[in-house]
Amino acid sequence: MRIDRPPASSPTAGFLRRRSGLPIWADLTWRVALVFGLIGVVLALHWFGRDGLKDNYDNQISFIDVLYFTTVTVTTVGYGDIVPVTPEARLFESIFVTPIRLFVWLIFLGTAYNLFFRNILYRWRMARIQADLHNHIIVTGFGTSGQEAVNELLARGVDPREIVVIDGSEKALALAEAQGCNILCGDSTRDRTLKDVAIHRARSMIVSAGRDDTSILITLTARHLAPRLPISIVVRNEDNELPARQAGATTVINPVSFAGLLLAGSTSGRHIADYMADLAASGGRVKLNERPVLPQEIGSPLSAIRTGLGVRIYREDRPIGFWEDAAQRLQTGDCIIEIVDEGQDRKAPADE
């Protein structure tokens, strides 16, 4: 969701900014005080220069007349009942009062926009984006792991409009927005935030909050909102892998452990780590693909599939290797893990 964030072309994007520490009531009070302060300055100058004014009603200028003339002049262009008649008074109205009048109106319009119209506009834009969110991917946390995940998704051909990034940092969200992703500045541990990104219609979720406890809490929140949603979570501590699964994570990834696997594999042969990285990255010559068994493949062995090199079957969440007897006969509901050629346009074989 692109919410409460200026577009990249906004003039404020290049300035050092910080969220205002003033509450809404204090900001409104400050604006009102500024308006009355400007009116007070104009009132004082009009009073001291009242000899340059003429009252077409009784030809006398009292304090009430000056107060009336000041408020009318600052807020409008006047009604003509009291007018400046001397060159000095007219010059003062042109050079000093007119800019103040415009500035006061800008304050009024800015206040109305900040308090009312901006919220209406953002809610309207948010509703439009929410209506288009179907079968999308939610990425919570846009640190190093989150950015790499999004980059890999984009490299694999995922439309950036199908990715929603949630983070509490506008700097991080600016990077995601520049890639064309939907963004939402918020706390992913809250139900409201995940509901705002239509989690019930998402196809998967990536959790990389930077802290294991936060990531596990996000997973718990997401799981109770979307019981069947595939959730992949990154944890840094091996002790947190089991709590992450108990929280409802479908896939738990420990980057430290994975790096250890690559390092250990490299000791058995210098090409093993390269091939494992080749399988994991979109830019490699081959990649791993997961798909359901096709109707025409039921009853055949895993080795007979024509879309790639079958290496594993998942049957009721039980892994079956290609060498096992159970892999010699594919069944309805099997999930096939295969190695496919990244450069080839693969299509499922037609039903015979």
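All residue numbers refer to positions counted from 1 along the written sequence of the respective chain. Where local features are concerned, this predicted model is filtered to residues with pLDDT of at least 70; where side-chain atom pairs are given and counted, the filter is 80 or more; whole-chain, interface and lining totals use all residues. With hydrogens and water set aside, each side-chain value is computed from the structure's full complement of heavy atoms.

Some points on a nonpolar patch on the surface
Surface patches are defined over residues having more than 30% relative accessible area and no salt bridge, joining like charges when they lie within 9 Å and nonpolar side chains (Val, Leu, Ile, Met, Phe, Trp, Tyr) when within 5 Å. Accessibility throughout is a Shrake-Rupley quantity obtained with a 1.4 Å probe, and a residue counts as covered only by protein chains that appear here. Salt-bridge detection follows one rule: a side-chain nitrogen of Lys or Arg within 4 Å of a carboxyl oxygen of Asp or Glu. Where nonpolar side chains cluster on the molecular surface, the patch consists of V41, L45 and F96 and spans about 220 Å² of accessible area. Put simply, DSSP marks the helices as runs of H or I at least four residues long and the strands as runs of E at least two long, and each gets a number from the N terminus on. Structurally, F96 can be placed in helix α3 (residues 87-132).

Some details on the pairing of strand β7 (residues 231-234)
When strand β6 (residues 204-207) meets β7, the two strands line up parallel, connected through three bridges. Note that in β7 the partner of V207 across the bridge is I233. By the criterion used throughout, a crossover qualifies as right-handed when its path from the first strand across the helix to the second strand runs clockwise, the strands pointing away from the viewer. Crossover β6 to β7 through helix α7 (residues 212-225) is right-handed. Examined bridge by bridge, β7 and strand β8 (residues 251-253) share three bridges and lie parallel to one another. Residue pairing in the sheet places I233 in a bridge with V252 of β8. In this fold, β7 hands off to helix α8 (residues 241-246), which returns the chain to β8; that crossover is right-handed. For two strands to be treated as a pair, DSSP must find no fewer than two bridges joining them.

Brief notes about unusual backbone geometry
Phi at E316 is positive, roughly 55°, even though this residue is not glycine. Relative to the elements of secondary structure, E316 occurs in the loop between β10 (309-315) and β11 (318-321). Burial classes: relative accessible area under 20% of the type maximum marks a residue as buried, over 50% as exposed, and values in between as partly exposed (1.4 Å probe, protein chains only). Looking at E316, the relative accessible area reads 78%, which means it is exposed. For D317, which is not glycine, the phi torsion reads 65° and is therefore positive.

Quick look at the sheet that holds strand β3 (residues 137-140)
Taken in spatial order, the six strands of this open sheet run β5-β4-β3-β6-β7-β8, and their pairing is parallel. Among the strands making up the open sheet, the edge pair consists of β5 (182-185) and β8. Here the average twist between neighbouring strands, direction ignored, is 15°. Note on contacts: a residue pair qualifies if any of its non-hydrogen atoms lie within 4.5 Å across the two residues. Orientation is described by axes fitted as lines to C-alpha atoms, over the contacting stretch for helices, and by angles from 0 to 180 degrees between their N-to-C directions. Along the sheet, α7 contacts β3, β6 and β7; its crossing angle with β7, the most-contacted strand, is approximately 170°.

A short note on the packing of aromatic side chains
Centres within 6.5 Å make a pair out of two Phe, Tyr or Trp rings, where for Trp the six-membered ring is used; the pair is then stacked when the planes are under 30 degrees apart, edge-to-face when over 60, and tilted otherwise. For the structure on display, the rule yields two aromatic pairs. With a centroid separation of 5.6 Å and an interplanar angle of 75°, the aromatic rings of W47 and F63 are classed as edge-to-face. In this pair, W47 sits in helix α1 (residues 24-48) while F63 sits in helix α2 (residues 63-75), placing the two residues 16 residues apart along the sequence. Residue class for F63 comes out partly exposed when judged on its relative accessible area of 44%.

Details of the environment of A176
Within the element layout of this structure, A176 appears in helix α5 (residues 170-178). Taking the C-alpha atoms as reference points, A176 and I166, separated by 10 residues in sequence, lie 9.5 Å from one another. Residues contacting A176, with those up to four places away along its chain left out, are F142, V165, C181 and I183.

Examining the side chain of D334
Residue position: D334 is located in the loop between β11 and β12 (335-341). Within the local environment of D334, its side chain forms a polar contact with the backbone nitrogen of Q331, the two atoms lying 2.7 Å apart. Not counting residues up to four positions away in its chain, the partners in contact with D334 are R291, P292, V293, I313, Y314 and R315. Side-chain atoms alone can form a polar contact between residues adjacent in sequence; in general such a contact is a pair of N or O atoms within 3.5 Å, and within protein one must be able to donate a hydrogen while the other accepts it.

Concerning the environment of S204
Following the sequence through the fold, S204 ends up in strand β6. Linking S204 and I231, residues 27 residues apart in sequence, is a C-alpha distance of 6.0 Å. In contact with S204, not counting residues within four places along its chain, are H136, I137, I138, L229 and P230.

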